[in-house]
Each structure stands twice: as structure tokens, then as C-alpha cells.
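Structural overview
Read off the chains here:
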Amino acid sequence: MQAIGEVISRLNNTRMGSTSEICYEHTVQANGKEYTKEIKKITFDGEIFCPICERDRTTQELSDEEDLKIELAMGRRKYNVFHNQSVLTDEDLFDASFKTYAATKKEEIHNKELASKAFTSYRDGGTFTTWFAGEPGVGKSHLGMSILRNLNESGKKNKSCLFISVDEMFLRIRDSFDNKDSRYTELYFANLLTDVDYLVLDDLGTETGGSGTKKTASDFVMRVLYAITNGRQNKSTIVTTNLTRQELEKMYDRKLVSRLMKNIYVINFEDTTDKRIKKYEI
Ligand SMILES: [Zn+2]
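In this text the structure is predicted, and so the values were computed from the model without any measurement. (Residues numbered from 1 in each chain as written. Predicted model: local features only at pLDDT ≥ 70, side-chain atom pairs only at ≥ 80, totals over all residues. Heavy atoms only, no water.)

**Some details on the coordination of the zinc ion**
The coordination sphere of the zinc ion contains the protein donors C23 (SG), H26 (NE2), C50 (SG) and C53 (SG), at a distance range of 2.1 to 2.3 Å. The coordination sphere of the zinc ion comprises four donor atoms, whose angles at the metal cover 101 to 114°; the geometry is tetrahedral. In primary-sequence terms, the residues that donate to the zinc ion follow C-x2-H-x23-C-x2-C. With C23 in strand β1 (residues 16-30) and C53 in helix α2 (residues 51-85), this residue pair connects regions lying 30 residues apart in the sequence. The class of C23 is buried, set by a relative accessible area of 5%. (Donors = N, O, S within 2.8 Å, 3.2 Å for Na, K, Ca; no water. Tetrahedral: all angles 85-135°; square planar, octahedral: opposite > 155°, others 65-115°. Helix = DSSP H or I, 4+ residues; strand = E, 2+ residues; numbered from the N terminus. Buried < 20%, exposed > 50% of the residue type's maximum accessible area, 1.4 Å probe, protein only.)

Written out as C-alpha cells, the structure reads:
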């Protein structure tokens, strides 16, 4: 009987051949003992190798390749969360960056630096809440977006970033109560906002009418905010708000506010006037 190598070698125009070399890497089990199984090495295109070792190596390479593909796809999916799933009332905000934040006053320059530091710290693995406070229109959302966008573009692409206009999110949830086809349910947002690595909650406190009103948050608002704060205890969140701690406590409850304000890095605007008004120049 001809050796199998010889048969194959003829089929392959003698590219493959048998050798007298043996691979001792393989074992067989018999009678509860392990024995070395000698595998005859072969030659192929002038190279000598063990066919079993070669098969194992190829299988491993293929599975590594698959793993890499999956990793890339997952990374891309996470990277796309920012553009595909963010909820903005003003789409122009997507263009906001540190570059386009016009800082002229002392406080603006200082706060821009603080925001830039927050970005660096997040990028290097820091976990905390950045808390932008101050009157409407001073650029809190702009800086919050700048941090987030930089995180999304920071190269690793394995972290998901999400910008949520709180008011718009609650409008969509409220709408889903009557609209059975809507995907924007309480559960959808609770899961999404809990899952992402970096989250901006923009304009917290405006959803119940804002400061100055006696209105308190409705049940579903409280449920969603509790779910988010619970789920994000070891994650980084960026909050922008026009309200003070006391105003927030009146609107929600102390327990929720103290959770929201745990481990916060404060960026406070006091002097800055409304940047949106200054925009128009002739
Ligand atoms: Zn081998």
C-alpha cells in the first residue's frame, strides 16, 4: 500500500512528499494512560512540517481572524451610537467643539480649560460626573458636547457615547404611552442610557417646566431617572442644568439628587451672559 503522502504528492505534481521526520507533540489516551503519538512530518513546497500541528495552527489563525472581525464590528457599532441614537433638540449641536467655543471672558476661558481637563481625564480612564451649572445660553451644552465628541473620536472607538436632551427624551416617552408602535419607550431609554459608556444629560430639570414653577416630576420621569442613576453608578456622566441643587431637590427628591450629584466635577457659570444672543453680529 502506498503511503498517503505519496498519493497526494502525485496528485499535487510532487509538491507534497513524505519525510522520515517525526513530530512528538501529540498524544493518545489508552488504558487510562497518555502515550506519545508519533506523527510523520510531510514536505510541501520544500517545507517540512507536521500536518496535525499545521491544521491546529490554521484553525487558531482563522478563529483569531474571526475574533478580530467581531471586535471591529462591535467597535463600529459602539462608535455609531453617538450619531445614530443621540437625541438632540438642536441638531446643530453636533458641530459643537472646543475649537468653536468662543471664549473671551475670564470665566469662559477658565471653564473651557476645565472642560478640556475633564475630557483628558475621561480619556485616561477617569470615572466621575461633570456638572455644568449656570443660566441658559452660556455654552454648557456646547462644552458638554465637545467633551463627548472628543471621546467618541479619541481613537479607541470601543466606547459608546450618547447625547440626550432630557426634555426631548421625556416627550418621546410620553408619546409612546399612546403610540404603541413607538420604539421610544421608558424601557428603551432606561436601557440605552444605562448601557452607554459616556452620557450627556442635557438640560436636566427643564422637562417639568423648569425653575420657577411649583411642578414636581411625574412618576415616569422619576422612574427613568432612578433607573439611569442606578445603572450608571460606576460610569461617567455629564450633566448640564440651569437649576440649583435646591431647585432640583424640589423637583425630584433629595435621594435622587444626591445620587446624581455624587462624585461631581463642577463647572459653574456665573458671569457669562447668553452666548446665543451674542451670536448675531452685523
Ligand atoms: Zn505535530
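**Topic: the packing of α2 against helix α4 (residues 140-152)**
It is at 10 Å that the axes of α2 and α4 come closest, and there the two elements cross at 155°. With respect to each other, α2 and α4 are oriented roughly antiparallel. Here the hand of the crossing between α2 and α4 comes out left-handed. Between α2 and α4, the residues in contact are K78, Y79 and F82 and M145, L148, R149 and N152, respectively. Here the residues of the contact of α2 with α4 are counted per class, giving four nonpolar, one polar and two charged. (Axes fitted to C-alpha atoms, helices over the stretch in contact; angles between N-to-C directions. Parallel < 35°, antiparallel > 145°, perpendicular 65-115°, else oblique. Left-handed = near helix turned anticlockwise from the far one by under 90°. Contact = heavy atoms within 4.5 Å. Nonpolar A, V, L, I, M, F, W, Y, C, P; charged D, E, K, R; others polar.)

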